[in-house]
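Breakdown of the fold
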Amino acid sequence: MRRVLTSHAASVKFPSPPTPKEKLKRPTPILTVTPSRPSRTQRWQAAIGLLAALCVSALNGACQPNPNATGAGPNAPNPRAQGPGNDAVAVINEAQAGAKGTFPITAPLTMPLKDTAYPVPAGALFVSPQGKASSSGTSPNAPTTLQNALKIAPVGGTIVLRGGTYRVGGINLPRRLTLQSFAGEKPWLKGSVEVEGWVRDGDAWRHDNWQIEFPSRGYVATVLDKVTDPQYPMAPYGDMAFVDGKALFQVGSRAQVGPGRFYVDYRTQKLYLGDDPTGKMVEAASKDQGLFIGGDGDLARTAAGSMVRGLGLAHYQLGVNVSAPQVVIEDCTFLWNANNGLNLRGASTDCIVRGNTFTGNGSTGISANGAHRLLVEGNLISYNNVEGFKRTWSAAGVKVVLLDGFVARDNIAEHNFATGIWLDVDVNHAVVTRNISRYNGAIGIFFEISKHAVIAFNLVHDNGAGIQISGSHDAHVYNNTLVNNNRNFVMQQGNRKNSEKSGEVANTPTGEFFTARGNVFKNNIVWNSKAKAEEAMFDFRMWGQTPESSRSALMVAASAHNAYHRVTPTQPPAIIRWAANGKDFTAYQSAQEFSQATGYETGSLSTTGADPYFVDAEKGDFRLKPGSPARGIEEELPAEVAKALGVEGSRGRNLGAL
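Here's a quick rundown of the structure. Residue numbers here run from 1 along each chain, matching the order of that chain's written sequence. pLDDT decides what is reported in this predicted model: residues at 70 or higher carry local features, side-chain atom pairs at 80 or more are listed and counted, and totals for whole chains, interfaces and linings draw on all residues regardless. Values reported for side chains reflect all heavy atoms of the structure, with hydrogen atoms and water molecules removed beforehand.

Comments concerning the sheet that holds strand E17 (residues 270–273)
Spatially, E10-E11-E17-E16-E15 is the arrangement adopted by the 5 strands of the open sheet, whose pairing is mixed. Among the strands making up the open sheet, the edge pair consists of strand E10 (199–201) and strand E15 (249–250). Any two strands are treated as partners once DSSP identifies two or more bridges connecting them. By definition, any uninterrupted DSSP run of H or I lasting at least four residues is a helix, any uninterrupted run of E lasting at least two residues is a strand, and each is numbered from the N terminus.

Okay, here's the thing in structure tokens:
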């Protein structure tokens, strides 16, 4: 019988600054990256080195990119598969065209787990893939099974996973437990099965009696038209196939099967591969969800305080689903899950997501809905949305909605075929600081239909847009370094109305437009951009609004003490594009010209030609050079902003990211 898998599915106040203990755990990113000029082959070699280096060292605190790393475009060549070992879970192959069109992104998905050595408390249980259910699991040399340990572990107990591959799914933590890796070993939880019994079928290979079906998952099915890009119609389907660790590309019919592709015929229960499986390990997705922590009602309460650390999760629809408070997800790797790597929902308040790697997930690395006071810190979030979900809906490196008290700091969000860090719909009292967001296919940092945020000390470069504020209130954008984005900073008044019957979203009555109001832009370095005609480095965009409701003066409370630089006087076409009344746009060629016309941008700088700011921007070194005009001219941080960032607010520091 066929098994169908589905989903379980204007006083400003900000979160308190980190405690001294938290500060000690933070990695410190440096402002050194490299431009996207080498050849495709060089870019791929560099990208592989970058991801490996970041996984092993950056998330342990160094955050030091490979000096040769660059952004790799979606048509770049792909590395060969590295085999099926635990440290080489999946590599996208070279043949990536089909019914969906050109594959949206290529990525080196050979992501190792971090080396760990967690303390083991007395009474811990040990498990392994070869463990026996009859064993007590009290000794690392006589492990039990993971399933048995979950049954017998007491509240507050610790389960230690020995290295190897666990073919499990639907694991539920209904009470407070800690799952952690054994010192020096690499446990992978996989939602796939090994598939044997292949027969040649013309130009393909066929496996009969394939009884696993992944229809569009839960919420995806209810908004299918919104999440699906017509170019990639198979994205919502969670079927996955891997040959010797190499991910194949799903197509929608038998006729489209070819090298690097696979097809599932649900009607005849057949699985087709375009690659020869002879003598190779073939894995196919079979589990909907890896771990589920908590649940509804009492389950959320009893699972509070659970911890998962040092594990790898791959080949699921959803790697980990959290619905309990005070959960910690740390030092884990979420790789090649068909939809989201990690999801945190309503009951998951006061959770911490720290030091993890989220790479090559189908839609989103981290998603959260209602997870108040969430801390996302020191993670590598890269190459997500490989399935090509619509980038205007939910696909992102990180996307959070409907929560209060969000902090994202010291993360690297890069190469996502989507927005890097996205705060959307009633995300209130947020702090986004000291992140690197680069080479993302949409926006680097996006604050949308939300209110009260500090976005500061971030390095944001080579994205579609750098930092974008849309329909939001009281965003304080301070001391960011914005370089070579298509548009470095965007303030947008959109044409989206509140459709919620409660009328409570972003304090906007039902049926009225979400409005941008009271936002501040100060102490930033805005360096060059790839803006096209009728665009600018500091760009105002307005649609569907009356002139009165969309006046730029209402959108921006203050803009001053910024530094603008263009390599040439015509690219980008303008420094600032502004509409005094919401419809008559004027392009300004310098901050001084803009200041004289509007009164904004007092104390700001504009330069053209040779770069007076950075040590070597062409080689990606964005540190301020000695004598840089951006040194020592920062306007004092307001008290509430300084408090949110945990820094002193004294005047006279440098512009841009720290």
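Now that the structure has been shown, we can carry on.
Focus: the pattern of salt bridges
Two side chains of opposite charge can pair, provided their charged atoms sit close to one another. Take a side-chain nitrogen of Lys or Arg and a carboxyl oxygen of Asp or Glu: if they are within 4 Å of each other, that pair is a salt bridge. Under the criterion given, the structure shown has 28 salt bridges. The partner of Arg-167 in a salt bridge is Glu-194, with the nearest N and O atoms 3.7 Å apart. Remark: Glu-194 occurs in strand E9 (residues 192–194) and Arg-167 occurs in strand E5 (residues 164–167); sequence separation between them is 27 residues. When a residue's accessible area, from a 1.4 Å probe over protein chains only, is under 20% of the maximum for its type it is buried; when over 50% it is exposed; and in between it is partly exposed. Judged by its relative accessible area of 28%, Arg-167 falls in the partly exposed class. A salt bridge links Asp-201 to Arg-254, with the shortest nitrogen-to-oxygen separation between them at 3.5 Å. One end of the pair, Asp-201, is in strand E10; the other, Arg-254, is in the loop between E15 and strand E16 (261–265), and 53 residues separate them in sequence. Taking relative accessible area as the criterion, Arg-254 reaches 23% and is therefore assigned partly exposed. Connected via shared salt-bridge partners are Asp-201, Asp-203, Arg-206, Asp-208, Arg-254 and Lys-270.

A short note on the side chain of Thr-364
In this fold, Thr-364 is placed in strand E28 (residues 364–369). Owing to a relative accessible area of 2%, Thr-364 belongs among the buried residues under this scheme. Only 3.2 Å separates the side chain of Thr-364 from the side chain of Ser-363, close enough to count as a polar contact. N or O atoms within 3.5 Å of each other form a polar contact, as long as, within protein, one can give a hydrogen and the other can take it, and as long as residues adjacent in sequence are counted only when both atoms are side-chain atoms. At 3.1 Å, the side chain of Thr-364 forms a polar contact with the backbone oxygen of Ser-394. Note on contacts: a residue pair is in contact if any heavy atoms of the two residues lie within 4.5 Å. The residues contacting Thr-364, other than those within four sequence positions of it, are Asn-339, Asn-340, Gly-341, Asn-384, Ser-394, Ala-395, Ala-396, Gly-397 and Lys-399.

Details of the pairing of strand E31 (residues 396–404)
Along E31, 7 of the 9 residues are buried, which leaves the element largely enclosed by surrounding structure. Bridge count between E28 and E31: 5 bridges; the pairing is parallel. Residue pairing for E31: Ile-366 is matched across the bridge by Val-398. Of the strand pairs in this sheet, E31 and strand E34 (residues 419–433) are connected by 7 bridges, and their pairing is parallel. Bridge pairing links Leu-403 to Val-427 in E34.

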